[in-house]
Amino acid sequence: MARASEKATAQAPEEAADRAQEESGLGRPAAKAAAAVLSRATNIAVRAAAKQHRWFVGLFAAGAVLRLLAMLGFRPALWFPDSYTYIVTVFRPRPDLVRPAGYSMFLKLLEPFGSFAAVTAVQHLMGLAVAVMIYLAARRARPWIRTLATVPVLLDAYQIELEHLLVSDTLFMFLVTAAVVLAIRDRMTWRTATAVGLLLAAATLTRTIGQPLVVLLACWFLIRRQLALTGVLLAAALVPVMAYMGWFYATYDRVGLVGANGVFLYARTQSFADCQKMDPPPDLRVLCDPRPPDRRPPSQEYVWSQDTPLVRLPGITFSRANDALAGRFALLAIGSQPLDYAASIASELARTFTWGRPVYPDQEIYDYYEFPSREPGPPGRHAAQLGAQLAERYEGGPIATRVVEPYAGWLRAYQDVARLPGIVLLVVLLVPPALSVIRRRPELEWLVPWSTAVALLVVPAAVAEFDYRYVLPAVPLACLALALRSRSDLAKQ
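Residues numbered from 1 in each chain as written. Predicted model: local features only at pLDDT ≥ 70, side-chain atom pairs only at ≥ 80, totals over all residues. Heavy atoms only, no water.

**Brief notes about the overall build of the protein chain**
Here is step 1 of the chain: Summing up its helical and strand segments, the protein chain has 25 helices and two strands in all.
Here is step 2 of the chain: The buried share of the protein chain, taken over its 493 residues, is 50%.
Here is step 3 of the chain: Long-range contacts, defined as pairs at least 24 residues apart, comprise 78% of the intrachain contacts of the protein chain with a sequence gap of at least 6.
Here is step 4 of the chain: Of the roughly 23600 Å² of accessible surface on the protein chain, 64% is carried by carbon and sulfur atoms. (Helix = DSSP H or I, 4+ residues; strand = E, 2+ residues; numbered from the N terminus. Buried < 20%, exposed > 50% of the residue type's maximum accessible area, 1.4 Å probe, protein only. Contact = heavy atoms within 4.5 Å. Areas by Shrake-Rupley, 256 points an atom, 1.4 Å probe, with all protein chains shown as cover.)

So, in structure tokens, the structure goes:
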């Protein structure tokens, strides 16, 4: 009896399904036929989409494979001198004097995974996501144009290496690209404007260079005559930034996002500052470097080297007094030698657009951007024993990078040949405005990624110094600007 009851129970759903099909006018054969038609239609749609976007799909797959090789070849991650600072903030939450805490917050979100491999995996996914955003944003351009626009972010070996480093630049690139892509949408709502503002706020709290981007995108909203949405964007961007500034003030009794603006600007001016022309007061004269500008070290040495005038002053380099003193010196240098400052910016910016990749600012920093051939030791600059200890706590074990062959060797060989030369980036930046002069078109949306890319290149050269990793976040936006400009021209043909 029990077995008969179980059999009846098991057959009940099937009988109910049959009755439902009969009531709806579909027998079992008809239902199967309908499902088969639906499945076939879906397969046809997928194949059609794959065929239409086959070049991008192929490049995307190649980019994914390259990133998988990085994960296999360099486990769990590659380290940079800044990495320890971010880790300390994860476990001891407080604003850092030199770098905002956005990247540390990102690391905190991934802490439950207990591995830096999870961090690099997410960063590689962000790199792939940037390519998808660029491809979709240029959707009205010809397929080969929009596909070419994604090549640098998908296939540049230095882009892949940057994603494998424990630094903030990949997160920053993802946030800025997402903000720009949303800002150029045809239809703008208050929700979209809010999202753009929040993305810009997150970018600013990841790298302070995000601050001028808020102004750039707000100007774009004004150009589109969206006054109310401009207010929404600014509110969404400024409220989180002001909240962080409040936290910074409560911690250090100082106004700002960081406490190193004066120090870095002072270091920047040392490439041209001439105290004979400046005639500084006695309290600033202690910061003068007697060496001629052409015999001075790169700007970063004036921040970190122990034998520079600022670092030799009493107290920590980034104390309120030292930062204020350095800031006064920098402003005096710029005001006394404005043409020298402009020439210095142009000289530093020119490093972006060379064909080769010369060593700069020094061999140690340069080597961090190359896939290593053997297990690298801990970063030697700005040693932080506490940071290393907390990193082991985050990882749940040793944090040394393991170089695993043959995957590592394949990527090193690839890095020797696969990169975007700086002169090509210059051409990509020059073509959109040149086309606008030659072929006058009313479309202006290309200006948003273009001006953002230019700002990302110029601002570091003006307030800090050139660094190879500062260039890469600007590349996808420059390529998007070119694709959008091409789209405008093609649309008129």
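**Remarks on the side chain of R357**
Here is step 1 of the chain: Tracing the sequence through the fold places R357 in the loop between α18 (338–350) and α19 (363–367).
Here is step 2 of the chain: As a buried residue without a salt bridge, R357 has its nearest oppositely charged side chain in E370, at a separation of 4.2 Å.
Here is step 3 of the chain: Beyond its immediate chain neighbours, meaning those up to four positions away, R357 contacts Y158, Y366, Y369, E370, R419 and Y468. (Lys, Arg positive; Asp, Glu negative; His and termini not counted. Salt bridge = Lys/Arg side-chain N within 4 Å of Asp/Glu carboxyl O.)

**Notes on the side chain of S168**
Here is step 1 of the chain: Along the chain, S168 turns up in the loop between α8 (157–164) and α9 (169–183).
Here is step 2 of the chain: Judged by its relative accessible area of 1%, S168 is buried.
Here is step 3 of the chain: Excluding residues that lie within four positions of it along the chain, S168 makes contacts with Y86, Y103, T206 and R207.

**Some words on the packing of aromatic side chains**
Here is step 1 of the chain: Counted under the stated rule, the structure contains 24 aromatic pairs.
Here is step 2 of the chain: Ring centres of Y360 and F466 lie 6.1 Å apart, and the angle between their planes is 45°; this geometry places the pair in the tilted category. Highlighted residues: Y360 in the loop between α18 and α19 and F466 in the loop between α23 (447–463) and α24 (468–471), separated in sequence by 106 residues.
Here is step 3 of the chain: In this structure Y360 comes out as buried when scored by relative accessible area, which is 12%.
Here is step 4 of the chain: Judged by relative accessible area, F466 falls into the buried class, the value being 5%.
Here is step 5 of the chain: Taken together, a centroid distance of 6.0 Å and an interplanar angle of 75° make the contact between Y366 and Y468 edge-to-face. (Phe/Tyr/Trp six-rings, centres within 6.5 Å; stacked < 30°, edge-to-face > 60°.)

**What about empty space enclosed by the protein?**
Here is step 1 of the chain: Taken as a whole and assessed by the stated rule, the structure comprises three cavities of 30 Å³ or more.
Here is step 2 of the chain: Surrounding the largest cavity, 17 residues form its lining, R357, L420, G422, Y468 and V471 being those nearest its centre.
Here is step 3 of the chain: When contributions to the lining of the largest cavity are tallied by element, the ones reaching two or more residues are α22 (422–438) and α24.
Here is step 4 of the chain: Grouping the amino acids of the lining of the largest cavity by side-chain chemistry returns nine nonpolar, four polar and four charged.
Here is step 5 of the chain: In this structure, the second largest cavity spans a volume of roughly 60 Å³.
Here is step 6 of the chain: Residue lining of the second largest cavity: T352, L456, L457, P460, A461, E465, F466, D467, Y470 and V471, and that is the complete set.
Here is step 7 of the chain: Looking at the lining of the second largest cavity, the elements that each hand over two or more residues are α23 and α24.
Here is step 8 of the chain: With four residues, the top contributor of residues to the lining of the second largest cavity is α23.
Here is step 9 of the chain: Residue composition of the lining of the second largest cavity, grouped by class: seven nonpolar, one polar and two charged. (1 Å grid on protein atoms, 1.4 Å probe; cavity = no way out; pocket = protein on both sides within 12 Å on 5 of 7 lines; lining within 4 Å. Points joined across faces, edges and corners; volume = space filled by probe spheres on them. Nonpolar A, V, L, I, M, F, W, Y, C, P; charged D, E, K, R; others polar.)

**So, the layout of surface pockets**
Here is step 1 of the chain: Counted as a void, the largest pocket has a volume near 960 Å³.
Here is step 2 of the chain: Lining the largest pocket are 42 residues, and of these V98, T208, F264, A464 and Y470 sit closest to its centre.
Here is step 3 of the chain: For the lining of the largest pocket, the secondary structure elements donating two or more residues are α11 (211–223), α13 (261–269), α16 (301–304), α23 and α24.
Here is step 4 of the chain: Examining the composition of the lining of the largest pocket, we find that five residues originate from one element, α13, more than from any other.
Here is step 5 of the chain: Residues belonging to the lining of the largest pocket are distributed by class as follows: 22 nonpolar, ten polar and ten charged.
Here is step 6 of the chain: The calculated volume of the second largest pocket comes to roughly 580 Å³.

**Brief notes about the state of the cysteines**
Here is step 1 of the chain: Taken as a whole and judged by the stated rule, the model has one disulfide.
Here is step 2 of the chain: Linked covalently through their sulfurs, C275 and C288 form a disulfide whose S-S length is 1.8 Å. Residues C275 and C288 are joined by a disulfide whose S-S torsion is about -100°; by sign, that bridge is left-handed. Note that C275 is positioned in helix α14 (residues 275–278) and C288 in the loop between α15 (282–285) and α16, a separation of 13 residues in sequence.
Here is step 3 of the chain: On the basis of relative accessible area, C288 is assigned to the buried category, the value being 16%. (Disulfide = S-S within 2.5 Å.)

**Some remarks on unusual backbone geometry**
Here is step 1 of the chain: Residues R75 and P76 are joined by a peptide bond in cis, for which omega reads -5°.
Here is step 2 of the chain: Residues Y360 and P361 are joined by a peptide bond in cis, for which omega reads -5°.
Here is step 3 of the chain: Among the secondary structure elements, P361 is positioned in the loop between α18 and α19.
Here is step 4 of the chain: The backbone phi angle of R225 is positive, close to 60°, even though this residue is not glycine.
Here is step 5 of the chain: Here R225 lies in the loop between α11 and α12 (227–252).
Here is step 6 of the chain: Although it is not a glycine, D279 adopts a positive phi angle of roughly 50°.
Here is step 7 of the chain: Accessibility expressed as a relative area gives 57% for D279, which makes it exposed.

**With respect to the packing of helix α5 (residues 102–110) against helix α6 (residues 116–137)**
Here is step 1 of the chain: Where α5 contacts α6, the axes come no closer than 10 Å and their chain directions differ by 115°. Crossing geometry of α5 relative to α6 is assigned as right-handed. Where α5 approaches α6, its residues Y103, F106, L107 and L110 are matched on the opposing element by A118, V119, V122, Q123 and M126.
Here is step 2 of the chain: The residue makeup of the contact of α5 with α6, split by class, is eight nonpolar, one polar and no charged. (Axes fitted to C-alpha atoms, helices over the stretch in contact; angles between N-to-C directions. Left-handed = near helix turned anticlockwise from the far one by under 90°.)

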